[in-house]
Number of protein chains: 2
Amino acid sequence: MPTHPPSGAAVLQPEVTASIVAAVLAELVERGYGRLAMEAVAKRAGTSKSALYRRWSGKQEMVLAVLADISVPMADVVETGDLRRDMRAAAESMAAWLAAEPYAKIIPDLIAEAHRTPALAEAIAVSIAKPRRAHLRSLLTRAIDRGDLPADTDLEMAQDLVAALIYWRTVVRQAPAEPHYLDHVTDTALRALRATRTDTRA
Amino acid sequence: MPTHPPSGAAVLQPEVTASIVAAVLAELVERGYGRLAMEAVAKRAGTSKSALYRRWSGKQEMVLAVLADISVPMADVVETGDLRRDMRAAAESMAAWLAAEPYAKIIPDLIAEAHRTPALAEAIAVSIAKPRRAHLRSLLTRAIDRGDLPADTDLEMAQDLVAALIYWRTVVRQAPAEPHYLDHVTDTALRALRATRTDTRA
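The model shown is predicted, which means the values in this text are computed figures rather than measured ones. All residue numbers refer to positions counted from 1 along the written sequence of the respective chain. Note on labels: chains are lettered from A, ligands numbered from 1, in written order. Side-chain atom pairs in this predicted model are given and counted only at pLDDT of 80 or more, local residue features only at pLDDT of at least 70, and totals for whole chains, interfaces and linings cover all residues. To obtain the side-chain values, all non-hydrogen atoms of the structure were included, while hydrogens and water were left out.

Enquirer: Could you give an account of the overall build of chain A, with specific residues and numbers?
Expert: Numbering of helices and strands starts at the N terminus; helices are DSSP runs of H or I of at least 4 residues and strands are runs of E of at least 2. Secondary structure assignment for chain A yields 9 helices and 0 strands. Along its sequence from the N terminus, chain A presents helices and strands in the succession α-α-α-α-α-α-α-α-α. Taken along its principal axes, the extent of the C-alpha atoms in chain A is 65 × 35 × 30 Å. Counting the 202 residues in chain A, one finds 48% classified as buried. A separation of at least 24 residues holds for 65% of the contacts in chain A among residues at least 6 apart in sequence. Note on areas: Shrake-Rupley, 1.4 Å probe, and residue coverage restricted to the protein chains presented here. Accessible surface, chain A as shown: approximately 9300 Å² in total, 57% of it carbon and sulfur. In this charge count, Lys and Arg are treated as positive and Asp and Glu as negative; neither His nor the chain ends contribute. To locate a charge, the coordinates of NZ of Lys, CZ of Arg, CG of Asp or CD of Glu are taken. Counting 25 positive and 25 negative side-chain charges, chain A places the averaged centre of each group 4 Å from the other. Working definition: with a 1.4 Å probe on protein chains only, accessible area under 20% of the residue-type maximum means buried, over 50% means exposed, and in between means partly exposed. Should any heavy atoms of two residues lie within 4.5 Å, those residues are counted as being in contact.

This is the structure:
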């Protein structure tokens, strides 16, 4: 039981946060979201449950904050203004996200759990999917402004295309997303979206 | 302990099989693949564990046989020879499969489990994915023969496109696949595949 004076309660030590983040990821890989317990995370991180609750209100908030902090910036690709290059970068970032050691196991487990727990599905949409999609949406919007995509481009479908193909291939089919495959996905998506310039490879 | 004479051992009663199939699906929905136990399936089906082992060698074989028996025929769409109609039918059958009451919960759980258990991933590929893809592959091959798709069509990508978009939308994003969306997926896929006739709607 913590007996520290209240003055210390607001100070969140970064190294403790880092240990907790690593513990959350490890527990998600080993036990999955459904069986993840705050007690086990605290023990693994070498801290107390109260250290967790000082940071997050509970398990769902903690897990999503940890995953969003890593997942959302990964979707923010450096834009060159060349649609093919930018779409290729988006494809590569999606593949890198899903191939990264913890995520290959964590994401499909989280999706499965979201079908048992509607509140979790909503929270994933708000903390991870929407901000990730916002990055891609602004990239696509600027391509429309430049005239590289038709003005009537369906942005929802455009945002889905690359992500869907890479998720299906790497997560569902467990096939690799090699550079050649990422080129192919990019070209396929640009054709589907009726991009006006579909091949700008140097 | 079964004390029936051996003469009865080879007879598999269809109504017992049907009860077991229903029990397997219910247990997969409620507990998921990881926690599914032969004992619980037998109890739920009102039969004995030996009735299960007379039919399948174990849990993995049982679950995949039950799922394949339903999932594989669903991918065998009635072909009209009109590529757009056939792709639309393939899209609808994929959406119907994933929207069917038990599958919406069972498939994402199975995919998550496959990332923990490599042997399960291989068994899913062999019993479900490959035969489902074979149906689509022959449909696409005949479209190439008719000249409705280019001779150099990448069949792997062509098989992935519709399935990937519908899986991403319905399973990952939990958005509905309405008829209008299925039309849109079909048109998008046909454009991506450079179909020579992309709009044959009556």
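Enquirer: Before we move on, can you summarise the relation of the copies chain B and chain A with the specific residues and values?
Expert: When chain B is brought onto chain A, the operation consists of a screw motion whose angular component is 180° and whose axial shift is 0.0 Å, with 0.0 Å RMSD remaining. Classification of the inter-copy transformation places it as that of a two-fold axis. Measuring from the rotation axis to each C-alpha of chain B, the shortest distance belongs to Ala192(B), at 2.1 Å. The residues that chain B uses at the interface reappear at the interface of chain A in 100% of cases, marking a shared surface. The least-squares superposition of copies is restricted to C-alpha atoms, and to residues with a pLDDT of at least 70 in both copies.

Enquirer: Please provide a residue-by-residue account of helix 9 (residues 179-192) of chain B, values included.
Expert: For helix 9 of chain B, built from 14 residues, the straight-helix expectation of 20 Å at 1.5 Å per residue is met to within 8% by its first-to-last C-alpha distance of 20 Å. Within the span of helix 9 of chain B, buried status applies to Tyr181(B), Leu182(B), Val185(B), Thr186(B), Asp187(B), Thr188(B), Ala189(B), Leu190(B) and Ala192(B). Residues of helix 9 of chain B that are buried make contact with helix 8 (155-172) and helix 9 (179-192) of chain A together with helix 5 (83-99) and helix 8 (155-172) of chain B. Of the residues trailing helix 9 of chain B, Arg194(B) is marked for its positive phi of about 55°. One fewer than the residue count of a helix, multiplied by 1.5 Å, yields its expected span.

Enquirer: I'd love a proper account of the UniProt feature "DNA-binding region" (unreviewed entry) in chain A, names of residues and values included.
Expert: In this numbering, the UniProt entry assigns the feature "DNA-binding region" (unreviewed entry) to residues 37-56 of chain A. In residues 37-56 of chain A, helix accounts for 75% and strand for 0%; the two terminal C-alpha atoms are 14 Å from one another. UniProt positions are given in the numbering used here, feature names are shortened, and annotations may be inferred rather than shown by experiment.

Enquirer: Before we move on, can you summarise the domain arrangement of chain A with the specific residues and values?
Expert: All names here are of chain A. One can read the domain layout of chain A as domain 1 (6-55) and domain 2 (66-192). For each domain, the first and last residues come from an automatic or database assignment. The distance between the C-alpha centroids of domain 1 and domain 2 comes to 29 Å. Taken together, the contacts link 8 residues of domain 1 with 11 residues of domain 2. Note: buried area is the sum, over both parts, of the accessible area (probe 1.4 Å) each one loses when the two are combined. Both sides of the domain 1 and domain 2 interface together cover about 790 Å² of buried area, and 84% of this is carbon and sulfur. Of all residues in domain 1, Leu25, Val29 and Tyr33 bury the most surface against domain 2, accounting for 62% of the area lost on that side. We count a salt bridge whenever a side-chain nitrogen from Lys or Arg sits within 4 Å of a carboxyl oxygen from Asp or Glu. For the interface between domain 1 and domain 2, the tally reads 0 salt bridges. Two N or O atoms form a polar contact when they lie within 3.5 Å of each other; inside protein one atom must be a possible hydrogen donor and the other a possible acceptor, and for residues adjacent in sequence the pair counts only when both atoms belong to side chains. Between domain 1 and domain 2 we count 1 residue pair in polar contact (both at pLDDT 80 or more) in total.

Enquirer: Just give me the short version of the UniProt feature "domain: HTH tetR-type" (unreviewed entry) in chain A, but keep the residues and values in it.
Expert: According to UniProt, the feature "domain: HTH tetR-type" (unreviewed entry) maps to residues 14-74 of chain A in the numbering used here. End-to-end, the C-alpha atoms of residues 14-74 of chain A are 21 Å apart, and along that stretch the chain is 87% helix and 0% strand.

Enquirer: Quick one: what's the story with the packing of helix 5 of chain B against helix 9 of chain B, residue by residue and with numbers?
Expert: Residues and elements named next belong to chain B. Every axis in this analysis is a line fitted to C-alpha atoms, fitted for helices over the stretch in contact. Angles between the N-to-C directions lie between 0 and 180 degrees. The contact between helix 5 and helix 9 brings their axes to 9 Å, and the two run at 125°. As far as their axial angle goes, helix 9 and helix 5 are oblique. By crossing handedness, the relation of helix 5 to helix 9 is classed as right-handed. For the pair helix 5 and helix 9, contact is made by Leu83, Arg84, Met87, Arg88, Ala91, Glu92 and Ala95 and by Pro179, Leu182, Asp183, Thr186, Asp187, Ala189 and Leu190, respectively. The classification used treats Ala, Val, Leu, Ile, Met, Phe, Trp, Tyr, Cys and Pro as nonpolar, Asp, Glu, Lys and Arg as charged, and all other residues, Gly among them, as polar. Of the residues that constitute the contact of helix 5 with helix 9, the class distribution is 8 nonpolar, 1 polar and 5 charged. We call two directions roughly parallel when the angle between them is under 35 degrees, roughly antiparallel when it is over 145, roughly perpendicular when it lies between 65 and 115, and oblique otherwise. By convention the crossing between two helices is left-handed if the near helix lies anticlockwise of the far one by an angle smaller than a right angle, and right-handed if it lies clockwise.

Enquirer: Can you break down the packing of helix 1 (residues 14-35) of chain B against helix 2 (residues 38-45) of chain B residue by residue, with the values?
Expert: Residue and element names in this part refer to chain B. The contact between helix 1 and helix 2 brings their axes to 8 Å, and the two run at 125°. Put simply, helix 1 runs oblique to helix 2. Two packed elements cross with a definite hand, and for helix 1 against helix 2 that hand is right-handed. Contact residues: Ser19, Ile20, Ala23, Val24, Ala26, Glu27 and Glu30 in helix 1; Ala40, Val41, Arg44 and Ala45 in helix 2. Looking at the contact of helix 1 with helix 2 residue by residue, the classes come out as 7 nonpolar, 1 polar and 3 charged.

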